[in-house]
Amino acid sequence: MTKKSEILLIYTGGTIGMVKDYKSNALKAFNFDHLYKKIPELKQLDCTIEVISFEIPIDSSNINVKYWVDILEIIEEYYPKKDGFVVLTGSDTMSYTSSAISFMIENLKKPVIFTGSQLPIGDLRTDAKENLITAIQIASARKNNNEAVVTEVGLYFEYKLYRANRTTKINAEQFEAFTSANYPPIAESGVHLKFNSSFLLKSDLNKKTLFRKKLNENIVILKLFPGITKQVVEGVLEIYNLKGVVLETYGSGNAPTEKWFIELLKTAIDKGIYIVDVTQCIGGSVIFGQYETSTALKRIGLINGKNITTESAIAKLMYLLGERIDKSNFKTQFENSLRGEMN
Ligand code: ASP
């Protein structure tokens, strides 16, 4: 008989962990130690679940690099003993956090599935139970040879499992809160739970899993808009100790051709600041040189973010800067897919 999968559930905070106190109508934290009592359906799953909760659960708007390292350290500690991980966070910044964790683990061989919900677990119409139960099921799924089906960081929400570093939160109210416009879902849950095996990331089982904790936060997102002034661009690029910029451009990576704008970017690049061109569009890719409005960006040395999401670009920039990648190598490293985050 094959051994049951052992899953670690990490609760960091967010709506999913809330229950309504019907007397006062206020939301209060759900005690995950009583998981089986509150959600007896979980007993039907063919796995055992251990829970670790943040001592003080946080709204995901308060998440930062320190918390990302906390999540990573829990996964690292339990990695040898557990078969899969489910991480519960608020949905607001889940795409950022799950993207970051995807870069922070190199050669991941076990599933790390993020989920949360739009309605608290104690709400009558909650989406939390389905999200939680299916996320655990995904984290426990094994192939006939007993290897994990998913060997990457995923984000499960409203019947779809996405590659986490491809996702963006697109809706603050609907249960379908996330999208992955540039990569298909890697699994879908209907009557059956179907994995799209050709889209799953293949992991090299011979390579050692590494946990990277050095992230550099000295970066900024600069979103272009018609009318952006020289003072604004200059002010941003002159931030003390700035190391990287995610420049959200128009369409396929286009930006104003005005001299002052290109010169400011060039001066920053010459100073050693990395500038990544990502599109403001939800889907599609930066294509340098498709229009004259991106030719200069390529010439002065911007990094081509291709079809990476802003959330993932932030995480990748922090990660590569933290790893102190050599200047001559940085652009190439960024422009290549490290965890399936771009193509
Ligand atoms: N504000 C909450 C959070 O992100 C929303 C949610 O949990 O979905 O923590």
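See the structure shown above.
What you see is a predicted model, and the numbers here were worked out from it, not measured in a lab.

Undergrad: So what exactly am I meant to see when it comes to the overall build of the protein chain here?
TA: Across its full length, the protein chain holds nine helices and 18 strands. Taken against the 2.2 N^0.38 rule, which gives 20 Å for 343 residues, the C-alpha radius of gyration of the protein chain at 21 Å falls within 12% of a compact globule. Taken along the three principal axes of its C-alpha coordinates, the protein chain extends 65 × 55 × 35 Å. In the protein chain, which comprises 343 residues, the share counted as buried stands at 52%. A separation of at least 24 residues holds for 73% of the contacts in the protein chain among residues at least 6 apart in sequence. Here the protein chain has roughly 16,200 Å² of accessible surface; of this, 50% comes from carbon and sulfur atoms. A distance of 3 Å separates the average location of the 42 positive side-chain charges in the protein chain from that of its 39 negative side-chain charges.

Undergrad: Is there a simple way to think about the packing of helix 3 (residues 94-104) against helix 8 (residues 310-322) in this case?
TA: Working note: a packed helix pair is described by the angle between its axes plus the distance between those axes. The N-to-C vectors of helix 3 and helix 8 enclose an angle of 40°; their axes lie 8 Å apart at closest approach. It follows that helix 3 is oblique to helix 8 by the angle criterion. Regarding helix 3 and helix 8, the two cross each other, and that crossing is right-handed. Side by side, helix 3 and helix 8 meet where Ser95, Tyr96, Ser99, Ala100 and Phe103 of the first sit next to Glu311, Ser312, Ile314, Ala315, Lys316 and Tyr319 of the second. Residue classes in the contact of helix 3 with helix 8 are distributed as six nonpolar, three polar and two charged.

Undergrad: Even after reading the chapter, I still don't get the sheet that holds strand 4 (residues 47-53), so can you show me in this structure?
TA: Adjacent strands of a sheet pair through backbone hydrogen bonds, lying either parallel or antiparallel. Reading across the sheet, the eight strands line up as 4-1-5-7-8-9-12-13 and stay open at both edges, with mixed pairing between neighbours. In this open sheet, the two strands that pair with only one neighbour each are strand 4 and strand 13 (193-195). Adjacent strand axes in the sheet meet at a mean angle of 20° when their direction is disregarded. Bridge count between strand 9 (residues 160-163) and strand 12 (residues 187-189): two bridges; the pairing is antiparallel.

Undergrad: So what exactly am I meant to see when it comes to the pattern of salt bridges here?
TA: Note that side chains of opposite charge can pair when their charged atoms are close. One pass over the structure, following the stated rule, counts 19 salt bridges. Notably, a salt bridge pairs Glu106 with Arg212, separated by 2.5 Å at the nearest N-O pair. Here Glu106, found in strand 6 (residues 105-106), pairs with Arg212, found in the loop between strand 14 (210-211) and strand 15 (219-223); they are 106 residues apart in sequence, far enough to count as distant. Taking the relative accessible area as the measure of exposure, Arg212 reaches 23% and is therefore partly exposed. Lys259 is paired through a salt bridge with Glu263; the nearest N and O atoms lie 3.6 Å apart. Pair noted here: Lys259 and Glu263 are both in helix 6 (residues 259-270), with a separation of four residues, about one helical turn. With relative accessibility at 63%, the residue Lys259 sits in the exposed group. With a relative accessible area of 43%, Glu263 lands in the partly exposed category. Within the structure, one salt-bridge network assembled from shared partners comprises Lys3, Glu6, Glu50, Lys82 and Asp83.

Undergrad: Where do I start with the site of the ligand in this structure?
TA: Gly14, Thr15, Asp59, Ser60, Gly90, Ser91, Asp92 and Ser117 make up every residue found near the ligand. Within the side chain of Asp59, one N or O atom sits 3.0 Å away from a nitrogen atom of the ligand. Burial of the ligand by the protein amounts to 88% of the accessible area it has alone, namely 270 Å². Of the residues belonging to the shell around the ligand, the class tally is no nonpolar, six polar and two charged.

Undergrad: In this structure, what is going on with the pairing of strand 9? I would like to understand it.
TA: For a regular strand, side-chain orientation follows a simple rule: the groups alternate between the two sheet faces. Judged from the four bridges that link them, strand 8 (residues 153-157) and strand 9 form a sheet pairing that is antiparallel. Looking across to strand 9, one finds that Leu155 is bridged to Tyr162. Linking strand 8 back to strand 9 in an antiparallel pair, the connection comprises two residues, with Glu158 at a positive phi of about 45°.

Conventions adopted
- Residues numbered from 1 in each chain as written.
- Predicted model: local features only at pLDDT ≥ 70, side-chain atom pairs only at ≥ 80, totals over all residues.
- Heavy atoms only, no water.
- Helix = DSSP H or I, 4+ residues; strand = E, 2+ residues; numbered from the N terminus.
- Rg over C-alpha atoms; globule rule 2.2 N^0.38 Å.
- Buried < 20%, exposed > 50% of the residue type's maximum accessible area, 1.4 Å probe, protein only.
- Contact = heavy atoms within 4.5 Å.
- Areas by Shrake-Rupley, 256 points an atom, 1.4 Å probe, with all protein chains shown as cover.
- Lys, Arg positive; Asp, Glu negative; His and termini not counted.
- Charge placed at Lys NZ, Arg CZ, Asp CG, Glu CD.
- Axes fitted to C-alpha atoms, helices over the stretch in contact; angles between N-to-C directions.
- Parallel < 35°, antiparallel > 145°, perpendicular 65-115°, else oblique.
- Left-handed = near helix turned anticlockwise from the far one by under 90°.
- Nonpolar A, V, L, I, M, F, W, Y, C, P; charged D, E, K, R; others polar.
- Pairing = 2+ DSSP bridges.
- Salt bridge = Lys/Arg side-chain N within 4 Å of Asp/Glu carboxyl O.
- Near = heavy atom within 4 Å.
- Polar contact = N/O pair within 3.5 Å; in protein donor to acceptor, adjacent residues only side chain to side chain.

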